[in-house]
Amino acid sequence: MTGRFEPAWVRVAVVVAVVVGIVLAVWLFGTISAPPG
Amino acid sequence: MTRPPALSVAAYLVGVAGLAFCITLLWFGMRAVLDLGGYCASGGPYEISVQCPDAVIASTPLSIFGGIAALFLMLWGGAGLGGSWISLAFLAWPALFLSLGWNFLQYGFFPPDGDWVWSWIVCGVLFVAMGGIPLWVALVALRDGPHTDGRSYAAGRVVIRPRPPSAPSPGLVEPTPVPGAGSGDPLVDRLERLAELRRAGDLTTAEFETAKAATLAELTGGPAR
């Protein structure tokens, strides 16, 4: 990446954000699609 | 290094996470509908043959409108960060179409019951092309970077570089240098030109002498001989 702001921790944070988003979606869809009880 | 506003970083990361969340949610919702045969409905005044699961009813609007909101949040935060961070939002397009195209192809070739479903396979091919071709073009442009001649697109920025000196085209022939041309002395140049014309027969000897005298008089300021 080029630009005036490119610390490594932001790149790591972007990857973490993607993983967190996917995990949250898996959890949420699994929760709401599970049969009641 | 400029320290960005914390708000831009937070908005960017929340937007990234939101996009991943919404695309994944849409992916699961699509698979739930494909499990039912590819269509379902809910609500309205009509009798519904295939009722949508509650999870699909809840997740589909959230994934679509939430995804749009997350994309704008990512763009806004990326604009605050500067550089090429904002261009990472482009990956949402291939992520969306490749993931949904995968669903179409998987369920088209391996449906829950029966033979191939050609309509899903066609949709899958189209979706993979819509997501894969822009991604491929972007990856090629990034790989080539500034090494291509003249112009390249690196991380969303146009990079223009001067062309390296190239060999002359084989169709072009170097002009034969004219004797005396470019000698730097206008008097010598003109006299040599007149001599050439006389040798070629374009000027008679009398005309040559007249032109020579006029040239000498003009350029030296002296009397013509």
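Criteria and cut-off values
- Residues numbered from 1 in each chain as written.
- Chains lettered and ligands numbered in written order.
- Predicted model: local features only at pLDDT ≥ 70, side-chain atom pairs only at ≥ 80, totals over all residues.
- Helix = DSSP H or I, 4+ residues; strand = E, 2+ residues; numbered from the N terminus.
- Buried ≥ 20, exposed ≤ 12 C-beta atoms within 10 Å, placed from the backbone.
- Core = buried A, V, L, I, M, F, W, Y, C linked by C-beta atoms within 7 Å.
- Contact = placed C-beta atoms within 7 Å.
- Expected span 1.5 Å × (residues − 1).
- Axes fitted to C-alpha atoms, helices over the stretch in contact; angles between N-to-C directions.
- Parallel < 35°, antiparallel > 145°, perpendicular 65-115°, else oblique.
- Left-handed = near helix turned anticlockwise from the far one by under 90°.
- Nonpolar A, V, L, I, M, F, W, Y, C, P; charged D, E, K, R; others polar.

Enquirer: I would appreciate a short explanation of the overall build of chain B in the present structure.
Expert: A count of helices and strands for chain B gives six helices and two strands. Starting at the N terminus and walking to the C terminus, you meet the elements of chain B as α-α-α-α-β-β-α-α. Taking all 225 residues of chain B together, 20% fall into the buried category.

Enquirer: Would you take a moment to explain the nonpolar core for this structure?
Expert: If you look at the biggest cluster of nonpolar residues, it comprises 34 residues, and the most contacted ones within it are Tyr-12 and Val-16 of chain B. The residues contacting Val-16 of chain B, other than those within four sequence positions of it, are Val-14, Ala-17 and Val-18 of chain A together with Met-74 of chain B.

Enquirer: When you look at helix 1 (residues 8–33) of chain A in this model, what are you seeing that I'm missing?
Expert: Along an α-helix, a turn takes 3.6 residues, which lines up residues three or four apart on a common side. Helix length check: helix 1 of chain A, at 26 residues, gives a terminal C-alpha distance of 38 Å against a target of 38 Å (1.5 Å per residue), a fit within 8%. Those residues of helix 1 of chain A that fall on the buried side of the exposure criterion are Ala-17, Val-18, Gly-21, Ala-25 and Phe-29 of chain A.

Enquirer: What is the right way to read the packing of helix 1 (residues 6–35) of chain B against helix 2 (residues 54–81) of chain B from this model?
Expert: Each pair of packed helices can be summarised by the angle the axes make with each other and by the distance between the axes. All names here are of chain B. Where helix 1 contacts helix 2, the two axes come as close as 7 Å, and the packing angle between them is 155°. With respect to each other, helix 1 and helix 2 are oriented roughly antiparallel. Read as a crossing pair, helix 1 and helix 2 show a hand that is left-handed. Partitioned by chemical class, the residues of the contact of helix 1 with helix 2 number 23 nonpolar, twelve polar and no charged.

Enquirer: Help me understand the packing of helix 5 (residues 186–200) of chain B against helix 6 (residues 205–220) of chain B, please; the structure alone is not making it clear to me.
Expert: Residues and elements named next belong to chain B. It is the contact of helix 5 with helix 6, at a shortest axis distance of 10 Å, that shows an interaxial angle of 175°. By the angle between their directions, the pair helix 5 and helix 6 is classed as roughly antiparallel. In this structure, helix 5 contributes Pro-186, Leu-187, Arg-190, Leu-191, Leu-194 and Arg-198 to the contact, and helix 6 contributes Thr-205, Phe-208, Ala-211, Lys-212, Thr-215, Leu-219 and Thr-220. Residue composition of the contact of helix 5 with helix 6, by class: seven nonpolar, three polar and three charged.

Enquirer: So what exactly am I meant to see when it comes to the environment of Ser-87 of chain B here?
Expert: Residue and element names in this part refer to chain B. Note that Ser-87 resides in the loop between helix 2 and helix 3 (92–109). For Ser-87, a count of 17 C-beta atoms within 10 Å translates into the label partly exposed. Between the C-alpha atoms of Ser-87 and Met-74, which are 13 residues apart in sequence, the distance is 9.9 Å.

Taken by themselves, the reported measurements are silent on function.
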